[in-house]
Structures are given as structure tokens and as C-alpha cells.
Amino acid sequence: MDFTQLTRISVEGTDVTLRPVFDPALHSYSVQIHRGEAIFPLGLDGAFTAADEVLGAIDAELAEIGVRELTGEEAVLLYAGLVHAKGGADWVNFREAVSRVVLDDTV
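Model, not experiment: these values are computed from the prediction.

Asker: A description of the packing of helix α1 (residues 51–64) against helix α2 (residues 72–86) should follow, citing residues and the corresponding values.
Answerer: Between two packed helices, what matters for the description is the angle formed by their axes and the separation of those axes. Between α1 and α2, the shortest axis-to-axis distance is 9 Å and the interhelical angle comes to 140°. In terms of axis orientation, α1 runs oblique to α2. Crossing geometry of α1 relative to α2 is assigned as right-handed. Of the residues in α2, those in contact with A51, D52, V54, L55 and I58 of α1 are A75, L78, Y79, L82 and V83. The residue inventory of the contact of α1 with α2, partitioned by class, reads nine nonpolar, no polar and one charged.

What follows is the structure, encoded as C-alpha cells:
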């Protein structure tokens, strides 16, 4: 899986792009859902203090604007994008965990 482009995640077959955000002041995650010129924010109120909480809410938010649920790969990319947005040790730990999984799958 390619983790080089995590600031804009396309929802395949749609005109939607997801932009993961971490707010260090609120210690919370959010996503900007871009559809054409419209932006639908999810989590700007600081409600999501863990990246996986966003994944639990994103499909319902997409459904409200008539967009399908994320695929498994898109969800992984969104999660990676959220952790990347936070950076620091969480991002390092994520990359190490992914590397271990890849190595385990090739053995």
C-alpha cells in the first residue's frame, strides 16, 4: 500500500477527496470532505480524540451527501492520513507496524 500521498485521499469512482487533519491545540482528529467546491467538515468540534473514532463516523457522513462507504483500502489510507497528520511517535510506530506486517506476509 502506498503511504506517500496522505494529505488528499481520493474516494475511487467519486468526486470526493478526504483531507485528514489533526488539531494539536484540541488534541483531536477531523476530516475535510471535499466534493467539488463544497467542503463538509467532520469532527471540527474536537469530538474525535482517536483516529479510529473518525473511521467509525466517516461512512455515515458520506452517506449524508450521497457517497458510498469507504473500501477497506480507503479506510486504511484515511487512518494512515490521520496518524500522519498527527506525526511524531504515533506516525513512527504506525510505519514500523506496517513494515512488520509486510515482512510477515512475505515470509
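Asker: Could you give me a rundown of the environment of V76, with the residues and numbers involved?
Answerer: For V76, the position within the fold is in helix α2. On a C-alpha basis, the gap between V76 and L55 in space is 9.0 Å, while along the polypeptide they are 21 residues apart. Each residue touching V76, except ones within four places of it in the same chain, is listed here: M1 and F3.

Asker: Would you mind going over the pattern of salt bridges in detail, with residue names and values included?
Answerer: As enumerated under the stated definition, the model contains three salt bridges in all. Across the pair R68 and E74 runs a salt bridge whose closest N-O atoms are separated by 2.8 Å. On the accessibility criterion, E74 (6% relative accessible area) is buried. The closest approach of N and O atoms between K86 and D90, which form a salt bridge, is 2.7 Å.

Asker: Pulling in residues and values, what's your account of the nonpolar core?
Answerer: Ranked by size, the top nonpolar core spans 27 residues in total, and within it L18, V31, I33, V54, I58, L62 and L78 carry the most contacts. For this core, the elements supplying multiple residues, two or more each, are β2 (16–23), β3 (28–35), α1, α2 and α3 (88–106). Filtering out sequence-adjacent residues up to four positions away, L18 remains in contact with T7, R8, I9, V11, V31, Q32, I33, I58, L62, L70 and L78.

Asker: Account for the side chain of S28, with residues named and values stated.
Answerer: Summarising the element assignment, S28 is placed in strand β3. Filtering out sequence-adjacent residues up to four positions away, S28 remains in contact with V21, F22, D23, G46, F48 and T49.

Asker: Quick one: what's the story with the confidence of the model for the chain, residue by residue and with numbers?
Answerer: Residue-level pLDDT values for the chain average 91, and 94% of them are 70 or greater. Ranking the elements of the chain by mean pLDDT puts α3 last with 80 and β3 first with 97.

Calculation rules
Residues numbered from 1 in each chain as written. Predicted model: local features only at pLDDT ≥ 70, side-chain atom pairs only at ≥ 80, totals over all residues. Heavy atoms only, no water. Axes fitted to C-alpha atoms, helices over the stretch in contact; angles between N-to-C directions. Helix = DSSP H or I, 4+ residues; strand = E, 2+ residues; numbered from the N terminus. Parallel < 35°, antiparallel > 145°, perpendicular 65-115°, else oblique. Left-handed = near helix turned anticlockwise from the far one by under 90°. Contact = heavy atoms within 4.5 Å. Nonpolar A, V, L, I, M, F, W, Y, C, P; charged D, E, K, R; others polar. Salt bridge = Lys/Arg side-chain N within 4 Å of Asp/Glu carboxyl O. Buried < 20%, exposed > 50% of the residue type's maximum accessible area, 1.4 Å probe, protein only. Core = buried A, V, L, I, M, F, W, Y, C linked by side-chain atoms within 4.5 Å. pLDDT = per-residue confidence, 0-100.

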